Amino acid sequence: MSKRNLALLAVFSTAIFYGINYTLVKRVMPNYLSPYALVWVRIFAATILFWITSFMIKSSELEKKDFPKVALLSVIAIVINILSFFKGISLTTPINASVIMVTTPILVFVFSLIILKEKLELKRGLGIIIGLLGAFLLTTADKKVAENAVNIPLGNLLVFVNASGYALYLILAKKMIEKYHPITFVKWLYTFGLLFMTPFVFKEVLMVEWQNIPLNIYLIIAYVVVFATYCNFLFNLYGLKQLKPTTVSAFIYTQPVIASLFALLVGSDELSWVKVACTLLIFVGVYLVTLKPNEAKNKVTAN
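Keep in mind that this is a model prediction, so the values were computed, not measured.

**Overview of the pattern of salt bridges**
Inference 1: Here the structure, examined in full by the defined rule, presents 5 salt bridges.
Inference 2: Across the pair Lys187 and Glu61 runs a salt bridge whose closest N-O atoms are separated by 2.6 Å. Linking Lys187 in helix α9 (residues 182-206) with Glu61 in the loop between α2 (35-54) and α3 (67-91), this pair joins segments that are 126 residues apart in sequence.
Inference 3: Since its relative accessible area comes to 4%, Lys187 is described here as buried.
Inference 4: Using a relative accessible area of 43% as the deciding quantity, one classes Glu61 as partly exposed.
Inference 5: Through salt bridges that share partners, Glu63, Lys65, Asp66, Lys69 and Lys179 make up one connected network.

Structure, rendered in structure tokens:
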């Protein structure tokens, strides 16, 4: 298998890991671990794995002047981002959450307009409006209580906060990622996140009745740590070395499909016309935002 095909397989694997993750974490929360307790376990275990990996590679250490910057990024990417995601997924359905996460490319462009002062074109502006409208309708339209989804609108909103935090992180972290080896960067990112998070959520970790947790739930927790966190990062890293960033980021669009198929397969969610319509709006918005100017011109010329 060529390096390119292997990289494509690795990145597609991360989409599968995360697509399945939407449903599996709901088996853990809130019956065995609270959302914040699960987040702490995930960050704690992943931090250890990243530090172990850092001892196996040769890379430059973080400069003292960059510690405050990485600490700030950690607040956004780890504390706010991950806490809002796990709390949100505990309140909403797997399909809703996975669809809302597809707004990330739109939100990246919005933050690029604000922070990087990128030029706003008509088609991209229209894409932002359509995509965010789809996310808004999905967030507010489905108010019924589903099994293990006790507050769908609030859960959807928190997942949207997660997508926004991740988009902002991608913009702000660009220089740090270019400057340091990814393992060096991520081990400190997770370390700061663990330090900031622990005082606020460790009380919930102490309340966990570990002796009453069945083996299958422990296996799901291990999956979240090893595959949906650690391997997810390493596989994406390998993909970025062999493929263009745009190619890697495009795989986020497969997550709703994978999440939906898995959720429907195990009976943890159901489709509705509202979800289908909102999903189409979001995908149209993402398409317009990511369409290159020359492609738009060529389409006009061809017509």
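Right, picking up where we left off after that structure.
**Topic: the nonpolar core**
Considering soluble globular proteins, one finds that nonpolar side chains tend to be buried as a cluster.
Inference 1: The biggest cluster of nonpolar side chains holds 66 residues, and the ones touching the most others in it are Leu33 and Phe86.
Inference 2: With 12 residues, α3 is the largest single contributor of residues to this core.
Inference 3: When sequence neighbours within four positions are dropped, the list of residues in contact with Phe86 reads Val25, Met29, Pro35, Leu38, Val39, Arg42 and Val224.
Inference 4: By size, the runner-up hydrophobic cluster in this structure holds 5 residues, among which are Val99, Val102, Ala263 and Ile282.

The rules behind the values
- Residues numbered from 1 in each chain as written.
- Predicted model: local features only at pLDDT ≥ 70, side-chain atom pairs only at ≥ 80, totals over all residues.
- Heavy atoms only, no water.
- Salt bridge = Lys/Arg side-chain N within 4 Å of Asp/Glu carboxyl O.
- Helix = DSSP H or I, 4+ residues; strand = E, 2+ residues; numbered from the N terminus.
- Buried < 20%, exposed > 50% of the residue type's maximum accessible area, 1.4 Å probe, protein only.
- Core = buried A, V, L, I, M, F, W, Y, C linked by side-chain atoms within 4.5 Å.
- Contact = heavy atoms within 4.5 Å.

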